[in-house]
Amino acid sequence: NSFITRTNTCGELRSAHVGQKVTLYGWIQYQRQGLFLVLRDFQGLTQIIIPQDEGHAHVKKLLSNAPVESVVRVTGIVSPRPPGQENPKMPTGDIEVKAETAEVLNSCKKLPFEIKEFIKKSEALRMQYRYLDLRSLQLQYNLRLRSRIVMRMREYLCNLHGFVDVETPTLFKRTPGGAKEFLVPSREAGKFYSLPQSPQQFKQLLMVGGLDRYFQVARCYRDEGSRPDRQPEFTQIDIEMSFVDQAGIQRLIEGLLQYSWPEERGSIMTPFPSMTYEEALADYGTDKPDTRFGMKIMDLGDVLQRSNIQFVQNALSYPHGSVKAICIPQGVRYLKNKDLESLKESAKSQFNQEIMEIVSGPDGSLKSVLTKFLDEKQQSELIQALNMQVDDVVLLAAGEHKQVCSALGSLRLESADLLEASGLVLRGPSAFHFLWVVDFPLFLPKEGNPAELESAHHPFTAPHPSDTSLLYSDPTKVRSQHYDLVLNGNEVGGGSIRIHNAEQQRFVLEKVLKEDSEVLSHLLEALEFGAPPHGGIALGLDRLISLIIDAPSIRDVIAFPKSFRGRDLMGNAPDYVTPEELEPYHIQVSWPLEEKEAKKN
């Protein structure tokens, strides 16, 4: 209450304050028949008794007629609630304030929706009136928790470990590879700035500049469609260190998260477990495994290699062929036939992968079109390999290793959703399973052109020390010093040890990635001036906070988010500008024909 004229907030009055004269400011949450109202501010609720005597008729009229969500000032005496009228659900439920004077500071017009947690509102309406939505207890909690966590992160990095908080430019130039960047026109004809998708180059240059330890709560931009966990502008905790290795970065981040973790979400144990990229793909079918539940992908190559199942034999005859399966516990009990058909259709449409099902009957026998090709011993080995119990359902796939794993990994998550929808709890909201995924490939085949390579992380990632020689002979086999931090199946951070040798960096750009190194001439030159070995990481702050809070979308932890299509529905951005405003930037808009017609009309 420092610097302002209120004596208390609406959430702090208790029995100890009885008899005190207080001044409260807030919004009218609820008013009942001119007898009392509930006043709300950022900290909580207080019940205000509206005076009924003639001497306070003005106060009664004022408070009785003020619409809900009007802003008022109330001065009165704290009193105990009458016996039996206490409200144990409210922290201020033992007291009430008997109003003596009041002032309506601003009346509220008819609301587009009620400011109540249980009232369902469309997301579009919430975003159009975001300033009203922000009054909800949940969003207040989300943003305040976010602020608290960021402050603790600053303390840990700057005060305890000597990091320097540096702001880097948001107007820069295009970076080769990676996500699409937003372009900003300049007054020089044909020249554009780019909004950086991360401060990657700047933080490396800060290491060349000898800052040793850099940190920033960085705004980043990507010109991609929004998804529940993506926004065109987002925030990351950006970190870079000199003279560090992968293990050092990992220990730093574990300590940072442990230090800043909110008490109300329990505690997290360190060190976090680690898994290679190949292990993650083989066991979970993804590079961001959700390890809160089992249902791992099992390899059945050894069990079925002597079987007479033709498609299995065909798959195993290929160099990268495999036969794998997942076992859905109690699948018969919890999944309907239409669910199993939906899972099989999903694998077919998304991965072009056929799926066969095997069911364990009440007597433990197997039911499947495949069983006629398996003798008793082979069926027994299959049950043992999958640890099948009565009523379990197995989904089996055969084919190219990566495709099979990816399909089963996706079915594993879909099956978990179906099981939970039927009442089985697999992934509790209070379970936090962190995991490091390491030893990624340095390069991957380009999606549109598999003959060419692109960086799996970004072009500045250093090769694994054991694989450096392969960089020049067979770059497809090189592992990288790239590490991802995964929480409950979501990537919440990614980083790497960087290339600090100009010659090696130029080779990667020009010879492997076939990029024009001239765009990065400033960085390549900097690496020639005694650049120290360095590495770093970026944590996706929006995604991390949304997982801590168990929010359905990162939009619930951002004060003013963009819509699914990347629009600001409140301010109606992006918006049109006039030809006169574009003229200094040497830009003319070429309108699609249908938009020309729409503008005419």
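Definitions and cut-offs
Residues numbered from 1 in each chain as written. Predicted model: local features only at pLDDT ≥ 70, side-chain atom pairs only at ≥ 80, totals over all residues. Heavy atoms only, no water. Helix = DSSP H or I, 4+ residues; strand = E, 2+ residues; numbered from the N terminus. Contact = heavy atoms within 4.5 Å. Domains from an automatic or database assignment. Pairing = 2+ DSSP bridges. Axes fitted to C-alpha atoms, helices over the stretch in contact; angles between N-to-C directions. Salt bridge = Lys/Arg side-chain N within 4 Å of Asp/Glu carboxyl O. Buried < 20%, exposed > 50% of the residue type's maximum accessible area, 1.4 Å probe, protein only.

J.: Hey, could you run me through the environment of F243 in this one?
T.: Summarising the element assignment, F243 is placed in the loop between β10 (233-242) and α6 (246-260). Separated by 289 residues in the primary sequence, F243 and P532 place their C-alpha atoms 6.7 Å from one another. Those residues in contact with F243, other than ones at most four positions away along the chain, are D212, P532, P533 and H534.

J.: What is the right way to look at the domain arrangement of the protein chain in this model?
T.: It is common to report an interface's size as the accessible area lost on association of the parts. By the assigned domains, the protein chain splits into domain 1 (15-106), domain 2 (140-275 + 433-556) and domain 3 (293-422). When each unit is reduced to the centre of its C-alpha atoms, the spacing between domain 2 and domain 3 is 37 Å.

J.: Is there a simple way to think about the sheet that holds strand β17 (residues 434-438) in this case?
T.: Backbone hydrogen bonds are what pair the strands of a sheet, in a parallel or an antiparallel way. The strand order β6-β9-β10-β22-β21-β20-β17-β11 describes an open sheet built from eight strands, whose pairing is mixed. The sheet is open, and its two edges are formed by β6 (164-165) and β11 (274-276), each paired on a single side. Sheet topology note: the β10/strand β22 (residues 534-540) ladder contains seven bridges and is antiparallel. What sits directly across from D238, in β22, is A538. Its contacts with the sheet put helix α7 (residues 277-284) on β11 and β17, and the angle it makes with β11 is roughly 85°.

J.: What am I meant to see in the pattern of salt bridges here?
T.: Between side chains of opposite charge, pairing is possible as soon as their charged atoms come close. All told, the structure shown has 35 salt bridges when counted by the stated rule. A salt bridge links R73 to E103; the shortest N-O distance between them is 3.4 Å. With a gap of 30 residues between them, R73 in strand β4 (residues 71-80) and E103 in strand β5 (residues 95-106) connect regions that are remote in the sequence. The salt bridge involving D439 is made with R479; its shortest N-O contact spans 3.7 Å. On the criterion of sequence distance, the pair formed by D439 in the loop between β17 and β18 (443-445) and R479 in the loop between α14 (470-473) and β20 (482-487) is long-range, its members being 40 residues apart. For R479, a relative accessible area of 29% puts it in the partly exposed group. One network of salt bridges, with partners in common, ties together R126, R130, D133 and D556.

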